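Structural overview
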Amino acid sequence: MIWLMADDARLLERARAVRLRAYAPFSGYRVGAAVVDENGDVYTGCNVENSSYPVGTCAESNAVGAMIAAGGTQIKIIAIVGGHEEPEACTPCGACRQTIAEFAADDARILLLDASGEPDMQTIDDLLPGSFKL
Ligand code: THU
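Here goes a summary of the coordinates provided. Just so you know, the residues in each chain are numbered from 1, in the order the chain's sequence is written. In view of the model being predicted, local features appear only for residues whose pLDDT reaches at least 70, and side-chain atom pairs are presented and counted only at 80 or more, with totals across whole chains, interfaces and linings using the full set of residues. Each side-chain value is worked out from all heavy atoms of the structure, with water and hydrogens disregarded.

**Some remarks on the sheet that holds strand β4 (residues 104-113)**
This is how the line gets drawn: The pairing criterion for strands is at least two bridges between them, as found by DSSP. Helix and strand labels come from DSSP, where a helix needs a run of H or I of at least four residues and a strand needs a run of E of at least two; each type is numbered from the N terminus. Axis geometry follows a simple rule: fit a line to the C-alpha atoms, using only the stretch in contact for helices, then measure angles between N-to-C directions, giving values from 0 to 180 degrees. Contact criterion: two residues are considered in contact whenever any of their non-hydrogen atoms come within 4.5 Å of each other.
One open sheet holds the five strands; their spatial order is β2-β1-β3-β4-β5, and the pairing between them is mixed. The outermost strands of the open sheet, each flanked by one partner alone, are β2 (42-46) and β5 (119-122). Averaged over all neighbouring strand pairs, the angle between strand axes comes to 20°, with direction disregarded. Two strands pair when backbone bridges link them, and strand β1 (residues 30-37) and strand β3 (residues 75-83) are joined in this way by eight bridges, in the antiparallel orientation. Note on β3: the bridge partner recorded for G32 is V81. The strands touched by helix α2 (residues 59-70) are β1, β2 and β3; relative to β2, the strand with the most contacts, the crossing angle is about 145°. Relative to the sheet, helix α3 (residues 94-103) contacts β3 and β4, its axis offset from that of β4 by approximately 145°.

**Let's talk about the pairing of β2**
Both β1 and β2 contribute to a ladder of five bridges, which runs antiparallel. Bridge pairing in β2 places A33 opposite G45. Where β1 hands over to β2, the hairpin turn is made up of four residues, of which G40 adopts a positive phi near 85°.

Okay, here's the thing in structure tokens:
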């Protein structure tokens, strides 16, 4: 697709790979996320569920947390892949949209799979228009 940049496929592959490490015995739904920061460094995260269900964390938040902990400040690209068995269309939950909005560069690109399993690109304004900023 025309919007695909050279490294997009590689970043989606990182999200697919980390998805396989998800700890999701309760939902059986595994999610992987891979973030590129302003320096081109990549951070990954997967969902980590818990016996006490609300304690579980999302892949996107874990990946963004890793970026912040390493000193990155801006999301330039985030790839998200999720699904029960095989990866399917998976968009970030509301809380993760807010987390992405907090750190998204103006030109941040959000890579997802569409309903056909093909790569798709969205912006944070597509996913969370008029997001809250303090
Ligand atoms: N999940 C994520 O990791 N990211 C999202 O944006 C949506 C949901 C996880 C949470 C839970 O472990 C599983 O997917 C099913 O909701």
